[in-house]
Amino acid sequence: MAYLNREQRREMILQAAMHIALNEGFTAMTVRRIATEAQTSTGQVHHHFASSSHLKAEAFIKLMQQLDEIENQVTTNSYLQRLSLFLGCENIEQIQPYLRLWNEAEVLIEQDQEIKNAYNIAMQDWHQSIVAMIDEGKDKGEFKFDSESRDIAWRLIAFVCGLEGIYKLGLNGLNEADFKRHVEAIIQAELF
């Protein structure tokens, strides 16, 4: 293997961690597994990252930024459709691994302060994206509302997260189509 400088080796380890997280989840992200994927030693992993928890958190933030980039590349016909996409209502196969990782992080926030901090950063970024989309939609005349866009964004996020929790329970009468229908109804109530 060619000589890698400190930053290159760190980035190689981070990329390996991201690959494992996206394909296998947080539980597979052991230092040994990451080192094997990065073709380096466990000592190098420990040298470049303060802890495995820190590495997991950094990988999570980077992956959520990738998710934003992927969603931004999807062509939509309206701000309503774009908002629906960013709220997780569109079943796009490419983003499913990211959403699974998001859900796994949500479970881990009570056990791991680094993951909790990373989740908080990702949530703030998500909120900012939704606010920007709502404001753009209003500027273009598609959305008509009187409330603060930042407040609307928090209500939409809270609704989606809560509804997804109910959806995951597998209750009768709430399938994927119902999930989308309910989210569209709350968007209509908030923005039109």
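- Looking at an unreviewed UniProt entry, one finds the protein named TetR family transcriptional regulator, with Acinetobacter suaedae as its source organism.

**Remarks on the overall build of the protein**
Now for step 1: In terms of regular secondary structure, the protein is built from 9 helices and 0 strands.
Now for step 2: Ordered by position in the sequence, the α and β elements of the protein form the string α-α-α-α-α-α-α-α-α.
Now for step 3: Relative to its 192 residues, the protein shows a buried fraction of 43%.
Now for step 4: Expressed as a percentage of contacts within the protein between residues at least 6 apart in sequence, the contacts between residues at least 24 apart total 63%.
Now for step 5: In the form shown here, the protein has an accessible surface area of approximately 10,600 Å², with 48% of it arising from carbon and sulfur atoms.

**Re the side chain of E58**
Now for step 1: If you trace the backbone, E58 turns up in helix α4 (residues 52-73).
Now for step 2: Given a relative accessible area of 18%, E58 falls into the buried group.
Now for step 3: The contact partners of E58, leaving out residues within four places of it in the chain, are R10, L14 and F49.

**Section: the pattern of salt bridges**
Now for step 1: Taken as a whole and assessed by the stated rule, the structure comprises 7 salt bridges.
Now for step 2: For K180, the salt bridge identified is with E90, shortest N-O distance 3.2 Å. Of this pair, K180 sits in helix α9 (residues 176-191) while E90 sits in the loop between α5 (79-86) and α6 (96-108), placing them 90 residues apart in sequence.
Now for step 3: Between D178 and R181 there is a salt bridge, with its nearest N and O atoms 3.1 Å apart. Linking D178 with R181, this pair stays in helix α9, spanning 3 residues, or about one helical turn.
Now for step 4: Take D178: its relative accessible area is 14%, and that puts it in the buried class.
Now for step 5: Since its relative accessible area comes to 47%, R181 is described here as partly exposed.
Now for step 6: Connected through shared salt-bridge partners, E24, R33 and E37 make up one network.

**Notes on the domain arrangement of the protein**
Now for step 1: When cut into domains, the protein gives domain 1 (1-49) and domain 2 (52-191).
Now for step 2: Centre-to-centre, using C-alpha coordinates, domain 1 lies 28 Å away from domain 2.
Now for step 3: Every contact between the two is made by 15 residues of domain 1 and, on the other side, 17 residues of domain 2.
Now for step 4: For the pair domain 1 and domain 2, the summed buried surface comes to about 1,400 Å²; carbon and sulfur atoms form 78% of the total.
Now for step 5: The tally of links between domain 1 and domain 2 comes to 1 salt bridge.
Now for step 6: Those elements that place two or more of their residues in the side of domain 1 that touches domain 2 are α1 (6-24) and α2 (31-38).
Now for step 7: Tallying contributions element by element places α1 first for the side of domain 1 that touches domain 2, with 7 residues.

**Examining the nonpolar core**
Now for step 1: If you look at the biggest cluster of nonpolar residues, it comprises 61 residues, and the most contacted ones within it are I34, F60, M64, L83, L87 and I130.
Now for step 2: Of all the secondary structure elements, the ones that give two or more residues to this core are α1, α2, α4, α5, α6, α7 (113-139), α8 (149-168) and α9.
Now for step 3: Sorting elements by how many residues they give to this core places α7 first, with 10 residues.
Now for step 4: Built from parts of two domains, this core gets at least three residues from each of domain 1 (1-49) and domain 2 (52-191).
Now for step 5: The contacts of L87, once residues within four sequence positions are left out, are W126, I130, L156, I157, V160, V183 and I187.

**Regarding α1**
Now for step 1: Between its terminal C-alpha atoms α1 stretches 27 Å, which fits the 27 Å expected from 19 residues at 1.5 Å a residue.
Now for step 2: Buried within α1 are the following residues: R9, R10, I13, L14, A16, A17, M18, I20, A21 and L22.
Now for step 3: Along its buried surface, α1 packs onto α2, α3 (42-48), α4 and α6.
Now for step 4: N-cap assignment for α1: the residue whose side-chain oxygen lies 3.0 Å from the backbone N of E7 is N5.
Now for step 5: Count one or two residues on from α1 and you reach G25, which has phi positive near 95 degrees.

Conventions used here
- Residues numbered from 1 in each chain as written.
- Predicted model: local features only at pLDDT ≥ 70, side-chain atom pairs only at ≥ 80, totals over all residues.
- Heavy atoms only, no water.
- Helix = DSSP H or I, 4+ residues; strand = E, 2+ residues; numbered from the N terminus.
- Buried < 20%, exposed > 50% of the residue type's maximum accessible area, 1.4 Å probe, protein only.
- Contact = heavy atoms within 4.5 Å.
- Areas by Shrake-Rupley, 256 points an atom, 1.4 Å probe, with all protein chains shown as cover.
- Salt bridge = Lys/Arg side-chain N within 4 Å of Asp/Glu carboxyl O.
- Domains from an automatic or database assignment.
- Buried area = accessible area lost by both parts, 1.4 Å probe.
- Core = buried A, V, L, I, M, F, W, Y, C linked by side-chain atoms within 4.5 Å.
- Expected span 1.5 Å × (residues − 1).
- Polar contact = N/O pair within 3.5 Å; in protein donor to acceptor, adjacent residues only side chain to side chain.

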